[in-house]
Amino acid sequence: MTILLRACVVAALAVLPVRAIAAVEIQEVTSPGGITAWLVEERSIPFVALDIRFEGGANLDAPGKRGATNLMMGLLEEGAADMDARAFAEAAEGLAARFSFEAFNDSVSISAEVLTDNRDASMALLRDALVAPTFDQTALDRVRDQVLAGIEQDARDPEEIASATMARLAFGEHPYGSALEGTLESVTALTREDIQAAHGTVLTRDRVYVGVTGDISAAELGPLLDELLGDLPATGVPNASEADYTLDGGVTVVDYPSPQSVVLFGHEGIARDDDDFFAAYVMNHILGGGGFQSKLMTEVREERGLTYGIGSFLVPRDLAAQHMGQFSSTNDKTAEAVQIVRDIWADVAANGVAEDRLEAAKTYLTGAYPLRFDGNGTIAGILVGMQAQELPIDYIATRNDKVMAVTPDDVRRVAERLLQPEDLHFVVVGQPIGLETGAF
Amino acid sequence: MRLAPLAAAIMAVASPLWAASGDDTVTTFTLPNGMNAVVIEDNRAPVVVHMVWYNVGAADEPPGKSGIAHFLEHLMFKGTDDLEPGELGDIVAAQGGSNNAFTSFDYTGYFQRVASDRLGLMMELEADRMRDLVLDNEDMLTERDVVLEERAQRTDSSPGGQFQEQRAALQYLNHPYRIPIIGWQHEIEQLTLQDALDFYDVFYAPNNATLIVAGDVDPAEVEALALEHYGPIAPSDSLPDRVRPSEPPQIAPRRLTLADDRVSNPYVIRTYLAPERDAGAQETAAALTILAQVLGGSSQTSIMGRTLEQDEGVALYTSAFYSGTSLDDTTFGVVVLPVPGRSLEQAEADMDRMIQSVLDNGIDDAQLERIKTQVRAAEIYGRDSLQGRARGYGVALTSGLTVEDVQAWPDVLDAVTEDDIIAAARQVFDMRQSVTGYLMRPEAEEATQ
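Residues numbered from 1 in each chain as written. Chains lettered and ligands numbered in written order. Predicted model: local features only at pLDDT ≥ 70, side-chain atom pairs only at ≥ 80, totals over all residues. Heavy atoms only, no water.

Chain B goes by Peptidase M16 in an unreviewed UniProt entry, where it is assigned to Jannaschia pagri.

Per an unreviewed UniProt entry, the recorded name for chain A is Peptidase M16, and the organism is Jannaschia pagri.

Structure below.
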């Protein structure tokens, strides 16, 4: 059987990417009012998925107002136009429209799924949430209490403690240095005026990207875009400045009563628009991005049983780039696992990766890419991501060529450049045996 | 907005509210060796999800061997007579595919997601490990450490996880749903290679498995491929009947309190023993499914959300939950997370008051109609997720339901009346069959706040 399987694998390589990718046809739609969206028409299910992203996000929080953007986004569905929170919810439920509102550091995101049957009414309701939220004081106070409870919960959650600690050490006073939810103090102090100001700053037409997939034509979508977004302000404030990375290699232990330690590690990364980004992406896939096949997973989990899962990931954000990884390990095994991560980092930096691992990674990445496009909401999100990264509209057809073009020399070069074992900082939340805060 | 992180922490098991219903895109066949198959056609993208579900889960384990079903699931990636440990994963990855598995009380499932023209290869791999698993003791010991790390991560690092485990052990007096799926730590530590192989030999056979294929496929081709790859596997003639120890009458309410420094937001949660969906008889389960929405579905419009979160401002989070897809009796749950300064005793009284209000005042017609609208829409939205549809059939079929039951479910939900809901509520809200749990911080710390 083994021989037969291998034959199948080899035969598969040549044909896979081409056939699968051809199916996604993107149209660029510009509304009468000048708003652009990317659309994939998919008529087989009677609903439309929209993904709307405003660049900027919680990075735009005014000084001293950390958490304003997050709270503002949480309030968009809590009362709009002449509806209070309950009336809005009843309207959405009656239409079976599904909305979600999320805040990130670099952007805020609105996702919607609406039925073809009542598309206009559902879109009008979403328009009210985006353009005419009331931010009434009762809803504000109630949602604020929920946010405060979430902040208190995060303060006792080992994974949240790890990421907050890493953020603070790496970025200090920059917005990236603190949680976008804000602190108990900053959120408690937010006023209705602060929330209104955040709304005027964050949701502006010059920052918006729209992706639409589903049961709608370009001609139908154009006017809808104007209705949905046309009444938002044209421009807001300038973006936040680049973030300086201020963390050196070493270990920071945060005492936490648990049988396991949560470990978050990393150093500076590589920007999305760097010429070597694809090489770095492929290299990281082999290092720790590729699930069970990655070096980290093989060495730390499969060979030694030190963790249930370990991964590494590139984090190319708008204002700084990081290269990070994470795992959890029983307290008496954590030090060994940390040492293995450092050894693997050093090994790949010095030696690159085996050529067959590179080939396997390229085969996986090119084969997996077309499998991403398998749901209306998913595709709408991809369309927004492509626009935000300023990728060309025909990018999908060329993306796998970029992966295939990565050579062993590229991986060696980018590994040597990117992987700096002496700069790796490990934030360890738990009670690890044999690990203390300090430099290596 | 809703406190999503809290919801995730409290509801240990995510329950899909409405399984995707079937239509003319769904076909079935049975191989001569007894293996059942469901094919779901969806030609939007050249993708296929291939799943094999075994009718065996943690509730089928021998006494003292808790965790063996899940441990075996891990070991299924450790090689066969034809494949080296890990090679199956390498082969799937070389196709750009993803590959994983899951274990629950009533089922163990293995799946790949891959380009649709690779379906035959996936079947070849899955058929190979159905009967020809080869295990090495050293690999077994390493993987047991991985499982112990998994338990430490999911359960022992989380007070909510430990709380859930303790509550389940109280809810069931005799039925094995009282034992955690991942196993008790002291029993996992003692599991052996022979335990795994014994369990494998009894339960892994084509006549104890359901094949589910969803995606850009032709049903006739799927049947031909299944016949080629799974057809030659001999059925087992020694499958045990699926009868678990059953519950005696539950005659006394049970209570527990777990205090832990790591708890941030104390809450009270109560579960009641509840009937599950049965083949051909899903009406009560449908009424309970709607009841959960009425009582604690939306934080703005459900009875608890509207009253406790919005009007009275005494709770930060409320929810009611019920997952009817289960082989044996399941639970109906209610949660109240009070605002700071309000005690869990008060929160429990709030909960009781809301339950009583459903029984006394009935249900608002407009609310019920909105919920029905969402039930109907969920069927449309659900068609967007290949994996979700495949999983819906898998869970149902390994829980004693049929394809017909799955396809009838949306209509059964749609037919639920106010009277049905009240009758189901009267049946389920029986304190004698309940477990009430407080998750809180240690008293000393509470007192100083």
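The structure having been displayed, the exposition proceeds.
> Just checking my understanding: could you explain the pairing of strand S6 (residues 98–103) of chain A for this structure?
Across a regular strand the side chains alternate sides, sitting on one face of the sheet and then on the other. Residue and element names in this part refer to chain A. Residues Phe99, Phe101 and Ala103 of S6 are buried on one face, while the alternating residues Arg98, Ser100 and Glu102, pointing to the opposite face, are not. Here 6 bridges tie S6 to strand S7 (residues 107–115), and the two strands are oriented antiparallel to one another. In the strand pairing of S7, phenylalanine 99 is matched with alanine 112. (Buried < 20%, exposed > 50% of the residue type's maximum accessible area, 1.4 Å probe, protein only. Helix = DSSP H or I, 4+ residues; strand = E, 2+ residues; numbered from the N terminus. Pairing = 2+ DSSP bridges.)

> Quick question: what am I supposed to make of the domain arrangement of chain A here?
Residue and element names in this part refer to chain A. The domain boundaries assigned to chain A delineate domain 1 (27–229) and domain 2 (250–430). Placing a centre on the C-alpha atoms of domain 1 and another on those of domain 2 gives a separation of 29 Å. Each side of the interface is counted separately: domain 1 has 35 residues, and domain 2 has 31 residues. Summing both partners gives a buried area of about 2,700 Å² for domain 1 against domain 2, and 71% of it is carried by carbon and sulfur. Among the residues of domain 1 in contact with domain 2, Trp38, Met166 and Tyr209 are the three that bury the most area, contributing 27% of the side total. Linking domain 1 with domain 2 are 0 salt bridges. For the pair domain 1 and domain 2, the number of links is 6 residue pairs in polar contact (both at pLDDT 80 or more). Of all the secondary structure elements, the ones that give two or more residues to the side of domain 1 that touches domain 2 are strand S1 (27–30), strand S2 (36–41), strand S3 (47–55), helix H6 (158–171) and strand S8 (208–214). Here the side of domain 1 that touches domain 2 gets 10 residues from one element, more than from any other, and that element is H6. Here the residues of the side of domain 1 that touches domain 2 sort into 17 nonpolar, 10 polar and 8 charged. (Domains from an automatic or database assignment. Contact = heavy atoms within 4.5 Å. Buried area = accessible area lost by both parts, 1.4 Å probe. Salt bridge = Lys/Arg side-chain N within 4 Å of Asp/Glu carboxyl O. Polar contact = N/O pair within 3.5 Å; in protein donor to acceptor, adjacent residues only side chain to side chain. Nonpolar A, V, L, I, M, F, W, Y, C, P; charged D, E, K, R; others polar.)

> Help me understand the nonpolar core, please; the structure alone is not making it clear to me.
Buried together is how nonpolar side chains tend to be arranged in soluble globular proteins. In terms of nonpolar packing, the biggest core is built from 59 residues, with A:Ile52, A:Phe54, A:Met73, A:Phe99, A:Phe101, A:Leu130 and A:Leu229 touching the most fellow members. Listed in part, the 55 residues of the second largest apolar core include A:Phe265, A:Val414, A:Leu419 and A:Leu424. (Core = buried A, V, L, I, M, F, W, Y, C linked by side-chain atoms within 4.5 Å.)

> I tried to follow the UniProt feature "domain: Peptidase M16 C-terminal" (unreviewed entry) in chain A on my own but got confused; where do I start?
The UniProt entry lists residues 190–364 of chain A under the feature "domain: Peptidase M16 C-terminal" (unreviewed entry), expressed in the numbering used here. Between the first and last C-alpha atoms of residues 190–364 of chain A the distance is 48 Å; the span itself is 41% helix and 22% strand. (UniProt positions renumbered as here; feature names shortened; annotations may be inferred.)

> What is the right way to look at the domain arrangement of chain B in this model?
Size of an interface, as often reported, equals the accessible area lost when the parts are brought together. All names here are of chain B. For chain B, the domain assignment lists domain 1 (34–229) and domain 2 (251–447). Here the C-alpha centre of domain 2 lies 29 Å away from the C-alpha centre of domain 1. Listed per partner, the contact involves 35 residues of domain 1 and 38 residues of domain 2. Regarding the contact of domain 1 and domain 2, the summed buried area is about 2,900 Å², with carbon and sulfur atoms giving 64% of it. Of all residues in domain 1, Phe163, Arg167 and Gln171 give up the largest surface area on contact with domain 2, accounting jointly for 23% of the area buried on that side. At the surface where domain 1 touches domain 2, the tally comes to 1 salt bridge. Note that arginine 44 is salt-bridged to aspartate 384, the shortest N-O span being 2.7 Å. The interface formed by domain 1 and domain 2 includes 15 residue pairs in polar contact (both at pLDDT 80 or more).

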